[in-house]
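This is what each chain is made of:
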Amino acid sequence: MLRDCWDYMVYRAEDLLKKTSEGKTRPKKRTYTFQKAAVCIAGILWLITAVRVFGDTNTMADDKRVISAFGNNSYREVSADITTYGKYGNMELTDTAKEIILEKAAEKIGISNYSITNDLQENKKVTTLKQTGKNGDVLCKFITFEKEADGRAVEYEQYVYVGITLKNSVDAAFTYEKIARDIMKEMQIDTDVTVNLKGELYGELDDEQKETLAAQILDKMNAKKQVSRHIDDAYTVYAYDKEIDNFIMVGSDKVNVNVCINYDENKNVTTVYLATPLNTEDF
């Protein structure tokens with residue numbers, strides 16, 4: 001692509017030169033100077049094109065690196081969960097206003113065959129937008145907590161939840177992570193987005209095999225192990241990848257990668273989780 005751009009720029013420069021010099025038997029010094037300038041301009045434009053093409057590759061490379069680190073194993077099933085949750089504000093909103101906010105989120109995600117319900121649950125009202133399908137599910141909630149005095153609501157706290165599940169694929173996980181981040185940014189909600197990749201392996205891994213598998217995943221990500229624990233049938237590793245911008249503090253350590261490996265003896269299945277920054281699922 002860049003070579004094509006260069007050839008085109010040179011072609012345009014030569015074309016300009018040809019038109020300028022037509023009918024002249026003796027090219028003047030000014031024409032030669034113009035030729036040099038035209039070629040220089042073509043080179044500058046080529047460099048600008050190169051910067052535009054390659055300028056955004058770091059983020060994409062990081063995302064693909066995470067996917068690659070997770071996807072090189074022979075998993076029976078794979079899925080990805082993208083979740084985010086944050087405080088919207090303290091104002092009172094009608095059910096219609098809440099539905100419109102969730103519909104705007106659904107539009108950015110790219111779904112249209114959803115259903116919306118409004119429920120009263122103890123001291124909170126929940127407006128839920130939901131769509132399920134064979135390739136994935138979307139669940140968005142607008143949650144309102146109410147405090148009452150003298151039998152009427154006097155204080156409100158509003159929260160927004162966005163959850164996207166991709167079934168049988170993890171390739172688009174970070175595409176939807178960016179969409180979820182944009183949704184929260186537009187609502188002026190400052191919060192993290194969690195990406196959790198999950199795969200299942202037949203059979204049980206012993207402790208050493210779990211450690212080896214986790215180490216392989218972290219090595220492919222160039223992530224440094226910070227803390228690890230064996231708890232019953234589960235092995236958990238917290239790590240830090242300097243190429244990932246967001247992180248949280250676990251004690252005095254920066255953490256933005258979490259690998260969890262858990263065995264379910266009833267299903268005879270080992271589940272592997274790779275999350276950024278932390279796994280939020282039960283395991």
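Since this is a predicted model, take the numbers as computed values, not measurements. (Residues numbered from 1 in each chain as written. Predicted model: local features only at pLDDT ≥ 70, side-chain atom pairs only at ≥ 80, totals over all residues. Heavy atoms only, no water.)

### Things to note about the confidence of the model for the protein chain
The line we're drawing: The predictor reports its confidence for every residue as pLDDT, a score running from 0 up to 100. We call two residues in contact when some of their heavy atoms are within 4.5 Å.
Confidence in the prediction of the protein chain, expressed as mean pLDDT, is 78, and 72% of residues score 70 or more. Throughout residues 1-29 the model reports pLDDT below 50, and contacts reaching past four residues in sequence, or to other chains, amount to 22 contacts.

### Description of the pattern of salt bridges
Basically, it comes down to this: For this document, the term salt bridge refers to a Lys or Arg side-chain nitrogen within 4 Å of an Asp or Glu carboxyl oxygen. Every helix listed is a DSSP run of H or I at least four residues long, and every strand listed is a run of E at least two residues long, numbered separately from the N terminus. For each residue, the accessible area found with a 1.4 Å probe, counting protein chains only, is set against the maximum for its type, and the residue is called buried under 20%, exposed over 50%, and partly exposed in between.
As enumerated under the stated definition, the model contains four salt bridges in all. Residue E186 is joined to K108 by a salt bridge in which the shortest nitrogen-to-oxygen separation is 3.4 Å. Of the two residues, E186 sits in helix α5 (residues 173-186) while K108 sits in helix α4 (residues 95-109), which places them 78 residues apart along the sequence. Salt-bridge contacts for E177 lead to R181; the nearest nitrogen and oxygen are separated by 2.2 Å. Within this pair, E177 and its partner R181 are both found in helix α5, separated by four residues, close to a single helical turn. Owing to a relative accessible area of 9%, E177 belongs among the buried residues under this scheme.

### Here's the deal with the nonpolar core
Under the convention used in this document: What makes a nonpolar core is a set of buried Ala, Val, Leu, Ile, Met, Phe, Trp, Tyr and Cys residues whose side-chain atoms join them at distances within 4.5 Å.
Ranked by internal contacts, the top residues of the largest apolar core, which has 49 residues, are I82, I109, L197 and L274. It is α5 that contributes the most residues to this core, six residues altogether. In this structure I109 touches V138, C140, V162, I164, Y176, I179 and I183, once residues within four positions along its chain are discounted.

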